[in-house]
Amino acid sequence: MKFKKLFIPGPTEVRKDVLERMAWPMISHRGGDFVAFFNQLTPKLKKLLATKDDVFVSTSASTGVMEGAVLNCVEKRCLNVTCGAFGERWHEITLACGHEADILQSEEWGMANRIDVVDKALATGKYDAVTMQINETSTGIMNDYHEFAEMMKKYPDVMFLVDAVSAMAAVDIKVDELGMDVCLAGVQKAFAAPPGITVFSVSEKAMEKSRKAKRKGYYFDFDVFKKYAEKGQTPTTPAISLFYALDYKIDQMFEEGLENRYRRHVEMAEYARAWAKDRFDTFAEDGYQSVTLTTVRNSRAISVADLSKFLADKYALQIANGYGKLKEKTFRVGHMGDLTLDEVKELLGRIDEYLGV
Ligand SMILES: *Cc1c(COP(=O)(O)O)cnc(C)c1O
């Protein structure tokens, strides 16, 4: 295999030392070593999310916990607020779980959700849960999650279910302050850890709702997660190697300093955005452009497939084509996780070389 440095919006480039941590020997997940390990990992995750809520790690992709959030927290009817493919996925999941749900799409792909529109929908009283994306990775939109959370405070009985995949560990998410009931993220995006596990918080209110939920299945039953966490364990055999890598990565984040990490993401995004506007255009509307990826509108009508091949063959670099219906119309440059401004500059310089500018 010819490996490439990843500038795709997930999985992201994982540094060698993080990968090497997975070579630690196996331990029993029912033994004292695991309990000690688990009990020092959990407080670090709570610190990252600034929460007193329970924080768990599921051995599954993020989609599993998106489904879990629905199974545990939706009873009456769910409002799936969406501005792209992952929001649409949460709607599909909600329906597939047998729940009543409505989709509330932003004006169009490339535009963010407007808070007043969501507010109006919730004011009908039809809903007991709402799902949203902080960062919609298909379009490169970052919603104003602070304003969204502020509005949600008017609806304390509505579960606030947040997909923070491609946002958590890149932007500051203070779960308690924001009143999020579930906040989830797979670690293969902005954590820059290997894929396979998902970090998620569950509020006391969500836990109560979970206890009363019917047909919530077993694998993602939040109440079961809590019972085992109280013993320093996970309900089922966890991906122990991935837990090692996550733990190591979290320590590195605190060494870097969370504020520094968030600032580094802003710097990379600002550089990529300015470059995109100069050479092409951006796809996401101004004011809502993502901090973790830049979706470039292919205004020069180049072949994105060709560009990708050039970057891969000549420099072993990988970017992402547009998502789904946006293929060839856009391309995406991921700048999250452990990537640096210098690496982003190098990548964009190579694209300039391809463009001949
Ligand atoms: C990547 C992504 C997902 C899906 O993550 P999986 O771990 O593959 O299930 C969901 N939502 C967003 C916003 C994403 O970026």
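Given the structure is predicted, the values throughout are model-derived calculations rather than measurements. (Residues numbered from 1 in each chain as written. Predicted model: local features only at pLDDT ≥ 70, side-chain atom pairs only at ≥ 80, totals over all residues. Heavy atoms only, no water.)

Peer 1: Looking at this model, I keep getting lost on the overall build of the protein. Mind explaining?
Peer 2: Regarding its fold elements, the protein presents 13 helices and 15 strands. Taking 357 residues into account, the globule formula puts the C-alpha radius of gyration at 21 Å, and the protein, at 20 Å, falls close to it. When the backbone C-alpha atoms are referred to their principal axes, the protein occupies close to 60 × 55 × 35 Å. Of the contacts made within the protein by residues no fewer than 6 positions apart, 72% connect residues no fewer than 24 positions apart. Element-wise, carbon and sulfur atoms account for 52% of the exposed surface of the protein, whose accessible area totals about 14500 Å². The averaged location of the 52 negative side-chain charges in the protein is 3 Å from the averaged location of its 48 positive side-chain charges. (Helix = DSSP H or I, 4+ residues; strand = E, 2+ residues; numbered from the N terminus. Rg over C-alpha atoms; globule rule 2.2 N^0.38 Å. Contact = heavy atoms within 4.5 Å. Areas by Shrake-Rupley, 256 points an atom, 1.4 Å probe, with all protein chains shown as cover. Lys, Arg positive; Asp, Glu negative; His and termini not counted. Charge placed at Lys NZ, Arg CZ, Asp CG, Glu CD.)

Peer 1: What is the right way to look at the sheet that holds strand β9 (residues 182–186) in this model?
Peer 2: Spatial ordering of the open sheet is given by β2-β10-β9-β8-β5-β3-β4, a layout of seven strands whose pairing is mixed. Both outer strands of the open sheet, β2 (54–58) and β4 (101–105), are each paired with one neighbouring strand and no more. Going from strand to strand, the sheet's axes swing by 15° on average, the running direction of each strand aside. As paired strands, strand β3 (residues 78–82) and β4 are joined by five bridges and run parallel to one another. Bridge pairing in β4 places Thr 82 opposite Gln 105. (Pairing = 2+ DSSP bridges. Axes fitted to C-alpha atoms, helices over the stretch in contact; angles between N-to-C directions.)

Peer 1: Would you explain the site of the ligand in this entry?
Peer 2: Around the ligand, a shell composed of Ala 61, Ser 62, Thr 63, Phe 86, Arg 89, Asn 135, Thr 137, Asp 163, Val 165, Ser 166, Gln 188 and Lys 189 is seen. A distance of 2.5 Å is found between an oxygen atom of the ligand and a side-chain nitrogen or oxygen belonging to Thr 63. The protein chains hide 89% of the 390 Å² of surface that the ligand would expose on its own. Broken down by secondary-structure element, the contributors of at least two residues to the shell around the ligand are α3 (62–73) and α4 (85–96). Split into classes, the residues belonging to the shell around the ligand amount to three nonpolar, six polar and three charged. (Near = heavy atom within 4 Å. Polar contact = N/O pair within 3.5 Å; in protein donor to acceptor, adjacent residues only side chain to side chain. Nonpolar A, V, L, I, M, F, W, Y, C, P; charged D, E, K, R; others polar.)

Peer 1: I tried to follow the sheet that holds strand β15 (residues 330–334) on my own but got confused; where do I start?
Peer 2: The strands making up a sheet associate through backbone hydrogen bonding, with each pair oriented either parallel or antiparallel. Spatially, the four strands line up as an open sheet ordered β11-β12-β15-β14, and their pairing is antiparallel. At either end of the open sheet lies a strand with only one pairing partner, and these are β11 (281–282) and β14 (320–321). In this structure, strand β12 (residues 293–297) lies alongside β15, joined through five bridges in antiparallel fashion. Looking across to β15, one finds that Thr 295 is bridged to Arg 332.

Peer 1: It is not clear to me how the pattern of salt bridges should be interpreted in this structure. Could you clarify?
Peer 2: Opposite charge on two side chains permits them to pair, given that their charged atoms come into close proximity. Counted under the stated rule, the structure contains 29 salt bridges. Arg 15 is the partner of Glu 343 in a salt bridge, and the nearest nitrogen-oxygen pair spans 2.9 Å. With a gap of 328 residues between them, Glu 343 in helix α13 (residues 341–355) and Arg 15 in the loop between β1 (5–6) and α1 (16–21) connect regions that are remote in the sequence. Taking relative accessible area as the criterion, Arg 15 reaches 24% and is therefore assigned partly exposed. When the shortest N-O distance is used, the salt bridge between Asp 223 and Arg 211 registers 3.4 Å. Taken together, the residues Asp 223 in helix α9 (residues 222–229) and Arg 211 in helix α8 (residues 204–212) connect sequence positions twelve residues apart. Its relative accessible area of 42% is what places Arg 211 among the partly exposed residues. If you follow the salt bridges from partner to partner, you end up with Lys 249, Glu 256, Arg 261, Arg 264 and Asp 338 in one network. (Salt bridge = Lys/Arg side-chain N within 4 Å of Asp/Glu carboxyl O. Buried < 20%, exposed > 50% of the residue type's maximum accessible area, 1.4 Å probe, protein only.)

Peer 1: Would you take a moment to explain the side chain of Arg 261 for this structure?
Peer 2: By the element assignment, Arg 261 lies in helix α11 (residues 258–279). Of note is the side chain of Arg 261, whose polar atom sits 2.7 Å from the backbone oxygen of Ala 190. In contact with Arg 261, not counting residues within four places along its chain, are Ala 169, Ala 190, Phe 191, Lys 249, Met 253, Glu 256, Gly 337 and Asp 338.

Peer 1: I would appreciate a short explanation of the state of the cysteines in the present structure.
Peer 2: Counting across every chain of the model gives zero disulfides. Here Cys 83 is not cross-linked by a disulfide; its sulfur's nearest cysteine counterpart is in Cys 78, at 15 Å. With no disulfide of its own, Cys 183 has Cys 73 as its nearest cysteine by sulfur position, at a separation of 13 Å. Classification of Cys 183 as buried rests on a relative accessible area of 0%. (Disulfide = S-S within 2.5 Å.)

Peer 1: Help me understand the pairing of β15, please; the structure alone is not making it clear to me.
Peer 2: One face of the sheet, then the other: side chains in a regular strand alternate in exactly this way. Counted residue by residue, β15 has five buried out of five residues, so it is predominantly covered. Of the two faces of β15, the one lined by Thr 330, Arg 332 and Gly 334 and the one lined by Phe 331 and Val 333 are each fully buried. Pairing analysis gives two bridges linking β14 to β15, with the strands arranged antiparallel. By the bridge assignment for β15, Asn 321 is matched with Phe 331.

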